[in-house]
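# A closer look at the structure
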Amino acid sequence: MRNAFSIILVSGIILVAACSGHQGTVPSAPVGLATSAPAGTLSSSERLPQSNKQFFDAKSILSRRDVQDLGPAPSSYAINLEFVLPEQNTSLLNQMLAAIHTAGSRRHSRLTHDQYIANFAPSPSTYAAAVAKLTAYGFQVLGTDPNRQIIKVQTSIGVADHVLGLASHLVRQNGKLRHLQTLDESLPSDLASSVAFVVGTSDVVTAITARCPGSPGCILPTPTPTPAPTPPPTPTPSPSPCSGLNGPIYDPIGDVGPPGIANSYQLPAQAGYCGAGHALGFMIDEDPSQSDLAAYLAYFQITQTGSFVRRAVDGGGAAFSGNPNDGSALEANLDYQTEVGLAPDATVYEYSIPDLGWQSQYDAMVAVVDDDVLDAMSISLAGCEQSAPSSILGAMNQILHQADLEGITFSAATGDNGLFYCSGTSGQGINAPASLPDITAVGGTEPGAYGGSAPFTNQTAWGNGGGGALGSGGGYSAIWSTPPYQQYLPFLPSRSIPDISLAATYAPEIFNGSWKSLEGTSFASPIFAAFQTTWNQEANFHRGFANVAMYSANQSYFYTADCLNDITVGNNGSQSAVGWDYVTGLGSLYGGCSF
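Throughout what follows, the structure given in this document is the object of discussion. (Residues numbered from 1 in each chain as written. Predicted model: local features only at pLDDT ≥ 70, side-chain atom pairs only at ≥ 80, totals over all residues. Heavy atoms only, no water.)

Regarding its fold elements, the protein chain presents 13 helices and 27 strands. Here the protein chain holds 595 residues, and 62% of them are scored as buried. Contacts in the protein chain between residues at least 24 apart in sequence constitute 80% of all its contacts with a sequence separation of at least 6. Total accessible area computed for the protein chain in this model is approximately 19900 Å², and 52% of it derives from carbon and sulfur atoms. (Helix = DSSP H or I, 4+ residues; strand = E, 2+ residues; numbered from the N terminus. Buried < 20%, exposed > 50% of the residue type's maximum accessible area, 1.4 Å probe, protein only. Contact = heavy atoms within 4.5 Å. Areas by Shrake-Rupley, 256 points an atom, 1.4 Å probe, with all protein chains shown as cover.)

Our next topic: the pairing of strand β3 (residues 78-84). The buried fraction of β3 is high, at 5 of 7 residues. Bridge analysis of β3 against strand β5 (residues 150-156) gives 7 bridges, and the strand direction is antiparallel. Following the sheet pairing, Asn 80 is matched in β5 by Gln 154. Sheet topology places β3 next to strand β9 (residues 197-199); 3 bridges connect them, and they run antiparallel. Each residue of the ladder has a partner; that of Glu 82, found in β9, is Val 199. (Pairing = 2+ DSSP bridges.)

This brings us to the sheet that holds strand β10 (residues 208-209). With antiparallel pairing, the 3 strands of this open sheet are ordered in space as β10-β15-β18. Looking along the sheet, the strands with just one partner apiece sit at the ends: β10 and β18 (431-432). As judged from the 2 bridges shared by β10 and strand β15 (residues 381-384), these two strands associate in the antiparallel manner. Bridge pairing in β15 links Ile 208 to Ala 382.

Turning to unusual backbone geometry, a few remarks are in order. Omega for the bond connecting Ala 432 with Pro 433 falls within 30 degrees of zero, at 5°, which places this linkage in the cis form. With an omega dihedral of 5°, the bond running from Ile 497 to Pro 498 counts as a cis peptide bond. Locating Pro 498 in the fold gives a position in the loop between β22 (496-497) and β23 (500-503). Even without being a glycine, Tyr 506 presents a positive backbone phi close to 55°. Topologically, Tyr 506 is positioned in the loop between β23 and β24 (507-511). Although it is not a glycine, Asn 540 sits at a positive phi angle of roughly 55°. With respect to the helices and strands, Asn 540 occurs in the loop between α12 (521-539) and α13 (547-557). In this structure Asn 540 comes out as exposed when scored by relative accessible area, which is 71%.

Quick look at helix α8 (residues 290-299) now. Because an α-helix completes one turn every 3.6 residues, residues spaced three or four positions apart along the sequence face the same direction. Residues Asp 292, Leu 293, Ala 295, Tyr 296 and Leu 297 constitute the buried set of α8. Elements in contact with the buried residues of α8: α7 (258-265), α9 (327-342), β24 and β25 (514-518). Looking one or two residues past α8, Gln 301 carries a phi angle of roughly 55°, positive in sign.

Turning to the pattern of salt bridges, a few remarks are in order. Scanning the model with the defined rule gives 7 salt bridges in all. For Arg 178, the salt bridge identified is with Asp 203, shortest N-O distance 4.0 Å. Here Arg 178 is found in strand β7 (residues 176-180), whereas its partner Asp 203 is found in the loop between β9 and β10, with 25 residues between them in sequence. By relative accessible area, Arg 178 is classed as buried at 7%. (Salt bridge = Lys/Arg side-chain N within 4 Å of Asp/Glu carboxyl O.)

Scanning the model with the defined rule gives 22 aromatic pairs in all. With a centroid separation of 4.8 Å and 50° between ring planes, the pair formed by Phe 308 and Tyr 336 is classed as tilted. One end of the pair, Phe 308, is in strand β12 (residues 308-312); the other, Tyr 336, is in helix α9, with 28 residues separating them in the sequence. A relative accessible area of 27% places Phe 308 in the partly exposed class. Residue Tyr 336 is classed as buried on the basis of its relative accessible area of 1%. Aromatic side chains Tyr 349 and Tyr 351 sit 6.1 Å apart centroid to centroid with 25° between the ring planes, which places their arrangement in the stacked category. Neither residue differs from the other here; Tyr 349 and Tyr 351 are each classed as buried. Among the aromatic residues, ring-to-ring pairing joins Phe 420, Tyr 476, Phe 491, Trp 580 and Tyr 582 into one connected group. Here Arg 543 stacks its cationic end above the ring of Trp 535, 3.7 Å away from the centre of that ring. (Phe/Tyr/Trp six-rings, centres within 6.5 Å; stacked < 30°, edge-to-face > 60°. Lys NZ or Arg CZ within 6 Å of the ring centre and 35° of its normal.)

Take the pairing of β5 next. Across the 7 residues of β5, 5 count as buried, placing the element largely inside the fold. Of the strand pairs in this sheet, strand β4 (residues 140-143) and β5 are connected by 3 bridges, and their pairing is antiparallel. By the bridge assignment, Gly 143 is partnered in β5 with Lys 152.

Within the secondary structure, Pro 437 sits in the loop between β18 and β19 (440-446). Taking relative accessible area as the criterion, Pro 437 reaches 0% and is therefore assigned buried. Residues Pro 437 and Ile 497, 60 residues apart in the sequence, show an inter-C-alpha distance of 9.6 Å.

This paragraph deals with the state of the cysteines. Scanning all chains against the criterion turns up 1 disulfide. The side chain of Cys 242 participates in a disulfide bridge whose partner is Cys 274; the two sulfur atoms lie 1.8 Å from each other. Of the two residues, Cys 242 is situated in the loop between β10 and α7 and Cys 274 in the loop between α7 and β11 (279-284); the sequence distance between them amounts to 32 residues. Overall, the relative accessible area of 17% leaves Cys 242 in the buried class. (Disulfide = S-S within 2.5 Å.)

Our next topic: the sheet that holds strand β2 (residues 67-72). Sheet architecture is open: 3 strands sit in the order β2-β6-β7, paired in antiparallel fashion. Where the open sheet ends on each side, the last strands, each with one partner, are β2 and β7. Here the strands of the sheet are splayed against their neighbours by 30° on average, with no regard to which way each runs. Pairing of strand β6 (residues 169-173) with β7, which is carried by 5 bridges, proceeds in the antiparallel orientation. The residue bridging Leu 170 from the neighbouring strand is His 179, located in β7. (Axes fitted to C-alpha atoms, helices over the stretch in contact; angles between N-to-C directions.)

Moving on, we get to the nonpolar core. Among the nonpolar cores identified, the biggest contains 119 residues, and Ile 261, Met 283, Tyr 351, Tyr 362, Leu 405 and Phe 410 are the most heavily contacted of them. Counting residues in hydrophobic clusters, the runner-up holds 22 residues, among them Leu 81, Ala 160, Leu 191 and Val 195. (Core = buried A, V, L, I, M, F, W, Y, C linked by side-chain atoms within 4.5 Å.)

Okay, here's the thing in structure tokens:
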């Protein structure tokens, strides 16, 4: 007997294994506010979705211009898979997650990684039994996981298709052979009790860096690039407390640097909290330039006392290319310079991945949680949630449960194509991983005046109107039900994004020694990560999952407290409005508030 791959998550949040009515495409964007759930999503009271219909939209992937379908994959073609085991002790886990996800609940103390494993990972005997089952099905186990959460195997397409029902194709993408499942996974009933998710069933890359999809390299039209000043000798790190970011507000071509961002959002750095003793990170498939960072910090008169750590995942990515048309190189510099610029005393980790594929992103998320050293992790990558195998989205949100309990904040850029429009495609939908319920989805604003001690003035939603045009990514999920923290907003039909929005335009970067002007929500997400990291230092507390604090502030005080700034001007295909909207979510934050 074979079970449809039904995915059940705790805390009332479910990844649905059916998409009745629209077969992998998101319903048309609403003209006004949505009033009913899209077909195929489940309410938080439902627990056992059963259907053979797909969420995973293989047909759209095969129609991509960068993908050539080579037909059914040879049965001997070798692939690596990861079988993710289910969480244990779910009654206690539900209680602890509910305390995080529900406004007004009593929060638990932050768990260490070892405490989480001891309480919620499978027992050694359960793990061994799962290994034995997979071996019996012909999977070659590559090694055991000391955390007993994942079993990595090597197998052939023939075995994987037979056991999991994938109907795999071989494709060529940008000159590289890759495999693509054309059906969502299903598990034999005896495996279904031991395995929660399967990762690696498709390695076609459908995510991109979340920067504007305009000109090559996503660089805005600017004057002739201005050579960056030669940096002075690197100063010796000072043990004295941070005295704020007090350098130039603007770069030479008019973009707004860390002092302007920190002033206008009143980030904790301006109160002397620059991240000392704390850490934040980003993931990308190409290293940033250290010399460009030095020039960037020198211009903005920022002294870095924190260190840099490159953490290779699955072998890691490439060295800095210096190619201005290389989106990953531009993204690496943008993330790195933004995080160091706003939290110069923190340790910044680059989680270096071999490509932007879903499995690489998942493995980086696992590495972050296993390392358990970060305060906040920013993901500036985006791809249509229906271009990701359903199972991997479930695996991602399960590892985010662990991040929640360990006090690690994850944020993700919502993308730059406006309402209901997937990054890197011409299709409707919203982007993952921003659509995951246990992540903070960060949209974009276009700030007005900078500097001073007050929040941005004349801040508007970033968007040129209409799906596909430049603008803050937004919409509602065709996969995830409405999470508890959004349920006080009755017009939301399902998990809806963004949660919060920050500056997405006039983003400064030094690239190969010259200033570049960028825009995109991939600027907003590392700003949020830096805020969370420095806030943790100020509060002497690891906030972890941030959404409940922000939504609780909105529910309790609306916009009367200095916590959130409502943005009512601008559109991304949906008009900004008073309160939560599909353009900026709750609006922007004000760092002077403790939520």
